[in-house]
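Residue-level structural notes
Chain by chain, the residues run as shown.
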Amino acid sequence: DLPNQVKNIDDVDTYIANTKADIRFGNEGKGKDNDLCYYSPSQDYIQMVAKEKFLPTEDATATENFYATELHELSHWSGHKSRLDRNFSHYWEDDHKTRYAFEELVAELSSTLLCCHLDITSVPRKSSAQYINVWKERVKENPRLFVDVCQKANQVVKFLDKFQTHELIYPKK
């Protein structure tokens with residue numbers, strides 16, 4: 001039994017809810033993996049652990065870690081064939097692991113952009129920067145890949161923004 005250290009951010013909760021994504025928390029999930037965070041493309045839902053499981057880390061609060069994870073999974077959700085239909089098969093036709101890894105990179109970069117866009121954080125989390133840094137060797141081999149990843153992350157933000165009111169995306173400060 002952990003205390004909930006995640007502070008709800010109403011505007012971000014509304015932003016996410018406006019997408020109408022099927023998001024299940026903790027024991028709401030139907031699968032055996034309801035103690036993990038993931039997006040299931042075959043069943044088109046997002047599974048999140050209970051908020052109480054999110055803790056502060058060296059570079060982020062529990063709140064920042066929670067929303068970064070939820071937005072990461074929502075970014076995967078946006079790539080479903082009925083939405084942005086995102087894939088990297090034109091790069092790696094027979095290499096599922098590499099395609100999956102680049103989808104992860106899109107989701108992480110999208111989450112980082114969204115966290116800044118929605119004022120969850122003012123700078124990317126150190127863990128996100130480290131994750132993205134892992135790909136620099138791959139990108140050296142084919143710099144166009146990073147441009148594609150950035151374009152796809154930008155598409156995610158634009159796609160999710162389409163579900164929102166103008167006031168929610170650009171609040172008066």
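The structure contained in this document is the topic of the report that follows.

**Regarding the side chain of Ser75**
Relative to the helices and strands, Ser75 is located in helix H2 (residues 62-78). A relative accessible area of 0% places Ser75 in the buried class. Contacts of Ser75, omitting those with residues within four sequence positions, involve Arg86, Glu103, Ala107, Ser110, Ser111, Leu114 and Val156.

**Considering the pairing of strand E3 (residues 45-48)**
Of the two faces of E3, both are covered, the one formed by Tyr45 and Gln47 as well as the one formed by Ile46 and Met48. Two elements, strand E1 (residues 23-25) and E3, share 3 bridges in a ladder whose sense is parallel. Paired with Arg24 across the bridge in E3 is Gln47. Sheet topology places strand E2 (residues 38-40) next to E3; 3 bridges connect them, and they run antiparallel. The residue bridging Ser40 from the neighbouring strand is Tyr45, located in E3. What sits between the antiparallel neighbours E2 and E3 is a turn of 4 residues, in which Asp44 has the positive phi angle 55 degrees.

**Focus: the sheet that holds E2**
With mixed pairing, 3 strands are arranged side by side in an open sheet as E1-E3-E2. The two strands at the open ends of the sheet, each matched to only one other strand, are E1 and E2. Recorded for the sheet is a direction-independent mean angle of 25 degrees between the axes of neighbouring strands. The sheet strands contacting H2 are E1, E2 and E3, and the helix crosses E3 at an angle near 160 degrees.

**Here's the deal with the packing of helix H1 (residues 10-17) against H2**
For the pair H1 and H2, interaxial distance at closest approach is 12 Å and the crossing angle is 15 degrees. One way to sum up the angle between H1 and H2 is to call them roughly parallel. In the crossing of H1 with H2, the sense of the turn from one axis to the other is left-handed. For the pair H1 and H2, contact is made by Val12, Asp13 and Ile16 and by Tyr67, Glu70, Leu71 and Leu74, respectively.

**Some details on H2**
With 17 residues, H2 extends 24 Å between its outermost C-alpha atoms, agreeing within 8% with the 24 Å of an ideal straight helix rising 1.5 Å per residue. Of all the 17 residues making up H2, 16 are buried; the element is thus mostly covered by neighbouring parts of the structure.

**Some details on the pattern of salt bridges**
Charged atoms that come close allow side chains of opposite charge to pair. For the structure shown, the criterion picks out 4 salt bridges. As a salt-bridge pair, Arg24 and Asp22 come within 2.8 Å of each other at their nearest N and O atoms. Taking the relative accessible area as the measure of exposure, Arg24 reaches 12% and is therefore buried. The salt bridge partner of Asp44 is Arg83, with a shortest N-O separation of 2.3 Å. Taken together, the residues span a long stretch of sequence, with Asp44 in the loop between E2 and E3 and Arg83 in the loop between H2 and helix H3 (96-117) at a distance of 39 residues.

Definitions and cut-offs
- As a convention, each chain's residues are numbered from 1 in the sequence order in which they are written.
- Reporting of local features is limited, given that this is a predicted model, to residues whose pLDDT is at least 70; pairs of side-chain atoms are given and counted only at 80 or more, and all residues count toward the totals for whole chains, interfaces and linings.
- For side-chain calculations, the full set of non-hydrogen atoms in the structure is used, while hydrogens and water are omitted.
- Think of it this way: any DSSP run of H or I at least four residues long counts as a helix, any run of E at least two long counts as a strand, and we number them from the N terminus.
- For every residue, the accessible area (1.4 Å probe, protein chains only) is compared with the maximum for its type, and the residue is labelled buried under 20%, exposed over 50%, or partly exposed between those bounds.
- Contact definition: two residues touch when any of their heavy atoms are within 4.5 Å.
- Strand pairing is assigned whenever DSSP identifies at least 2 bridges connecting the two strands.
- For every element, the axis is a line fit to its C-alpha atoms; helices are fit only across the contacting stretch, and the angle between N-to-C directions ranges from 0 to 180 degrees.
- Each angle gets one of four labels, with under 35 degrees taken as roughly parallel, over 145 as roughly antiparallel, 65 to 115 as roughly perpendicular, and the rest as oblique.
- Left-handed describes a crossing whose near helix is turned anticlockwise from the far helix by less than a right angle; the clockwise case is right-handed.
- By this rule the span expected of a helix is its residue count minus one, scaled by 1.5 Å.
- A side-chain nitrogen of Lys or Arg and a carboxyl oxygen of Asp or Glu constitute a salt bridge if their distance falls within 4 Å.

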